[in-house]
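Letter by letter, the chains look like this.
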Amino acid sequence: MRSLKVLIRDGAFISAIELCQRLLKHDPNNPYLWLACSEILQKLERFDDARDSLRAAKRLNGDAVTITDREIQLARAMKDDAAEFTALIRKGFLCDQADLKHWYWMRVSTLAWQAGEKPVALKALSEAFARYQVCEASRHEGAQTIINVPASLLVELLPFVARQLPENVFLYEALFFARMLEGQSSLAIDAFLEARRLAPKNRLSKQLLECFKREEIDWDVFEALALDYVADGTACAELIWLLVWYRQYSGRVPDAVVLLKSNVDLLRAEPLPLFMGALDFASSAGISLKQIDNEKISPMAAFQKAVNEDRWHDAIDYTDNEDLKSFVRQALPLLDSGRPRLSHPALEEEVIVSGPERPNGIVFIFTGLADALIVPINLIDVFLAELGLTAVYCRDFQRMIGCNGIKSLGNDFDETVEGLKSLIAEYGENKPVFTMGNSAGGYLAGIYGAKIGAQASLLFSPVYSVDAAELLGRFQDKRARVVIRRINKSCDLSRLRMSDAMEQMGDRPVTAYVPTGNNEDARHAQGFASHPNVTIHELDHFTGHATITRAAGQRGFLNVVKDAYGL
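Residues numbered from 1 in each chain as written. Predicted model: local features only at pLDDT ≥ 70, side-chain atom pairs only at ≥ 80, totals over all residues. Heavy atoms only, no water.

A. Structural view of the overall build of the protein chain. Across its full length, the protein chain carries 30 helices and 7 strands. Its C-alpha atoms give the protein chain principal-axis dimensions of roughly 85 × 65 × 45 Å. The proportion of buried residues among the 567 residues of the protein chain is 53%. Partitioning the intrachain contacts of the protein chain with sequence separation of at least 6 by distance along the chain shows that 67% fall at a separation of at least 24. (Helix = DSSP H or I, 4+ residues; strand = E, 2+ residues; numbered from the N terminus. Buried < 20%, exposed > 50% of the residue type's maximum accessible area, 1.4 Å probe, protein only. Contact = heavy atoms within 4.5 Å.)

B. Geometry of unusual backbone geometry. With phi around 45°, Ser461 is a residue other than glycine that occupies positive phi space. In this structure, Ser461 sits in the loop between β5 (456–460) and α25 (468–473). The buried category is assigned to Ser461, whose relative accessible area is 0%. A positive phi angle, close to 50°, is found at Gln476, a residue other than glycine. Within the element layout of this structure, Gln476 appears in the loop between α25 and α26 (481–490).

C. Region of interest: the sheet that holds strand β1 (residues 351–354). The 7 strands lie next to each other as β1-β3-β2-β4-β5-β6-β7, forming an open sheet whose pairing is mixed. With one partner strand each, in any of the chains shown, β1 and β7 (534–538) form the two edges of the open sheet. Across the sheet, the axes of successive neighbouring strands diverge by a mean angle of 15°, strand direction being ignored. Pairing analysis gives 4 bridges linking β1 to strand β3 (residues 389–394), with the strands arranged antiparallel. Note on β3: the bridge partner recorded for Val353 is Val392. Its contacts with the sheet place helix α30 (residues 557–565) against β2 (361–366), β3, β4 (433–438), β5 and β6 (510–514), and it is angled at close to 140° to β5. (Pairing = 2+ DSSP bridges. Axes fitted to C-alpha atoms, helices over the stretch in contact; angles between N-to-C directions.)

D. Representation of the side chain of Arg247 within the structure. Topologically, Arg247 is positioned in helix α15 (residues 237–249). By relative accessible area, Arg247 is classed as buried at 9%. In this structure the side chain of Arg247 is engaged in a polar contact, spanning 2.9 Å, whose partner is the backbone oxygen of Asp255. Discounting chain neighbours no more than four positions away, the residues touching Arg247 are Glu223, Leu227, Arg252, Val253, Asp255, Ala256 and Leu259. (Polar contact = N/O pair within 3.5 Å; in protein donor to acceptor, adjacent residues only side chain to side chain.)

E. Here's a closer look at empty space enclosed by the protein. Per the counting criterion, the structure on display carries 2 cavities of 30 Å³ or more. One number sums up the size of the largest cavity: a volume of about 80 Å³. Lining the largest cavity are 14 residues, with Arg395, Asp396, Gly402, Ile406 and Leu444 positioned closest to its centre. Of the residues that constitute the lining of the largest cavity, the class distribution is 6 nonpolar, 5 polar and 3 charged. Lining the second largest cavity are Leu334, Leu335, Ser337, Gly338, Arg339, Arg341, Val382, Ala385 and Glu386. (1 Å grid on protein atoms, 1.4 Å probe; cavity = no way out; pocket = protein on both sides within 12 Å on 5 of 7 lines; lining within 4 Å. Points joined across faces, edges and corners; volume = space filled by probe spheres on them. Nonpolar A, V, L, I, M, F, W, Y, C, P; charged D, E, K, R; others polar.)

F. Region of interest: the environment of Trp219. Within the secondary structure, Trp219 sits in helix α14 (residues 219–231). Along the sequence, Trp219 and Leu384 sit 165 residues apart, while their C-alpha atoms lie 39 Å from each other. When neighbours within four sequence positions are excluded, Trp219 is seen to be in contact with Met180, Phe212, Leu242, Trp245 and Tyr246.

G. Broad picture of the environment of Phe303. Locating Phe303 in the fold gives a position in helix α19 (residues 299–308). Note on Phe303: relative accessible area 0%, which makes it buried. Residues Phe303 and Asp314 lie 11 residues apart in sequence; the distance between their C-alpha atoms is 7.6 Å. Discounting residues that sit within four places of it in the chain, Phe303 has contacts with Ala315, Tyr318, Thr319, Leu324, Val328, Pro376 and Leu379.

In structure tokens, the structure reads:
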């Protein structure tokens, strides 16, 4: 049995079933071997055989609770809700109900709700939240559990549960979450404020915030209602943090900074920010908030702050990423050149021009989704200053991957192209034009580069398409689904095809650095590889997304830029 357990643990299911069958020939009346056989067959998706093995275990009077747990798992794998519901109810009779965990009651509630058994669903929901109330660890686990519960169930039944458990903080947090998903913004805020009245130091879980990123929520309505509470002074600090988080996440960084600065006294008065990057964001905005026990500015924020303050050796100490350390070490000899360079870029500026007097060309750098570039733009600027390249940093504040334009340059895609050309006329006349981008910014560097006549483009982990169907099918890419849905609804995709952009580039070179392996970035690279003007560099032994730092670490960033632009 020990060898069998090892094979199952290691995922060697073919070898495991062969061993199990040999053992059953010698010991056909062992119910635990039949249970193991059922588990293995389920993993192999041989569901009928798994069910037969489970019945054999049952006939041999194996442990009833263990067999019932196996029935629950098999029914769930088969997506047989009726069988799972029956097995769960059986488990309830076999066990001491006080020992049953919160997830058990939540699942019973969900299946009862789907079967139209509302009284059973309400009873099970009450049992689940009673456990959240008395156990802090269960409350954190519950955040993950309720994500898989129909929001309509929670919205309808939790107010009844609240009558039984009026002091249950997590109940009101769950009700806030469900009402947000159901578009009940006003009632959602009421539930949120009640949760904070009961427990001012609690904070929404990261799982719920991550779910908000994936769902279509009417944030505009929520924001308008929440701002009323801010205006009349009845908002708690966490509600303001939630709005700051939303504005930052959606790319509205200037609006996030304004909200942060206008409410800084309240935010300083209450100790714990809502989201993990809150202190980082405040620090980047030049706002100092007090930290509490166990709450620290992240190493990346400390790294960014050190770079902004020209404390380059400190920056090296703040990161454990060897590629990023190498990136900074490469910059150190260039810092004393006397060349003007970007320092402490303002969070509110969507387009930043650095070094307009630099003689050797103009390069447009496009950040990734919601202004992500992996490394600080002022670190990039050290190298571009050394190469004499005027740098124009175009940051994604709209969280639309620039597909509807860059608002500081134009109201739509076409006006943005003209805005970029105006910058070329102002800062890059008679200079060669280049583009650079990371992730979604790599997509923009390719698309806009073709439109403005770029001489060469340099892309890191670039996206080849923003077409929703193509992303899911050809590239198996489920990232940024809400943003992709928004782009597909509001933009003319026929004008945003990378294949057309690469054809328009002709024989002008495009260089792409990508990871190895079978991942989203590597699959997008296959799209670029079909064009003769594109050179793909796979980075050895690297499967991550941060190819800009790995390329710098392996090849030297100056060399990467020179090779791509022919300098």
